[in-house]
Amino acid sequence: MSRRSLYKVSIIGIVAGLLLALFFKVVEERTSHKVYTLLLNIDYIPVLNTVQFPEIVEVGFHIIISIAVCLFLFLFIRFKKITQSRRIIRFCVFVNVLIAILYYPTTLLSERTPAFTNLWALVFWIIGHIGYGWIVGVLLTKLFKNK
């Protein structure tokens, strides 16, 4: 992976991650379903769960994860030689919905996040990750087309 590609994939991770965070923040403010809180939640990580981080630091943790997800997607797409735009986008959406579903049960590990049985929070959570996957897929498609 070239430095230029690493830089571009990191920018995709930052942009998509910030848009996801913004979407969840708006949803939480308008509906009171704690999806933004869940996005930034680290209550289940030993040692880190003992520190009260400012919101901007928690968003920074989220952005680091977003960049890592984008790097994984980029490398996997390149390794598998997926070239069709629709397949790239579908794959990115699929992976991010899978991540959303696998991550949602962490709501059981915190008092601050939505209840595991909160169906509306789950719906918003999955919609947000579909959007995130779509954005990442579209931007990665553009990146691969420009190589």
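This text follows the structure it describes.
Residues numbered from 1 in each chain as written. Predicted model: local features only at pLDDT ≥ 70, side-chain atom pairs only at ≥ 80, totals over all residues. Heavy atoms only, no water.

A. Structural detail: the packing of helix 1 (residues 3-31) against helix 5 (residues 119-145). Running from amino to carboxyl end, helix 1 crosses helix 5 at an angle of 155°, the nearest separation of the two axes being 10 Å. Judged on the interaxial angle alone, helix 5 and helix 1 are roughly antiparallel. Our pair here, helix 1 against helix 5, has a crossing hand that is right-handed. Across from Lys8, Val9, Ile12, Ala16, Gly17, Leu19, Leu20, Phe23, Phe24, Val27 and Thr31 in helix 1, the residues of helix 5 making contact are Phe124, Trp125, Ile127, Gly128, His129, Tyr132, Ile135, Val136, Leu139, Leu140 and Leu143. Taken together, the residues of the contact of helix 1 with helix 5 break down into 17 nonpolar, 4 polar and 1 charged. (Axes fitted to C-alpha atoms, helices over the stretch in contact; angles between N-to-C directions. Helix = DSSP H or I, 4+ residues; strand = E, 2+ residues; numbered from the N terminus. Parallel < 35°, antiparallel > 145°, perpendicular 65-115°, else oblique. Left-handed = near helix turned anticlockwise from the far one by under 90°. Contact = heavy atoms within 4.5 Å. Nonpolar A, V, L, I, M, F, W, Y, C, P; charged D, E, K, R; others polar.)

B. Just the packing of aromatic side chains, in detail. The tally for this structure, following the rule as stated, stands at 10 aromatic pairs. Their ring planes at 50° and their centres at 5.6 Å tell us that Phe23 and Phe24 sit as a pair that is tilted. What makes Phe24 buried here is its relative accessible area of 0%. Seen from their ring centres, Tyr103 and Trp125 are 5.8 Å apart, and the 20° between their planes marks the pair as stacked. Placement of Tyr103 in helix 4 (residues 85-103) and of Trp125 in helix 5 is noted, with a sequence separation of 22 residues between them. Taken together, the ring pairs in this structure connect Phe23, Phe24, Tyr44, Tyr103 and Trp125 into an aromatic cluster. (Phe/Tyr/Trp six-rings, centres within 6.5 Å; stacked < 30°, edge-to-face > 60°. Buried < 20%, exposed > 50% of the residue type's maximum accessible area, 1.4 Å probe, protein only.)

C. Region of the structure containing the pattern of salt bridges. Taken as a whole, this structure holds 2 salt bridges when the rule is applied. In this structure, Lys25 engages Glu55 in a salt bridge whose closest nitrogen and oxygen atoms are separated by 2.9 Å. You can see Lys25 sitting in helix 1 and its partner Glu55 sitting in helix 3 (residues 55-80), a full 30 residues away along the chain. Ionic pairing is found between Arg112 and Asp43, a salt bridge with its closest N-O pair at 3.2 Å. Separated by 69 residues along the polypeptide, Arg112 in the loop between helix 4 and helix 5 and Asp43 in the loop between helix 2 (35-40) and helix 3 bring together distant segments of the chain. Given a relative accessible area of 37%, Arg112 falls into the partly exposed group. (Salt bridge = Lys/Arg side-chain N within 4 Å of Asp/Glu carboxyl O.)

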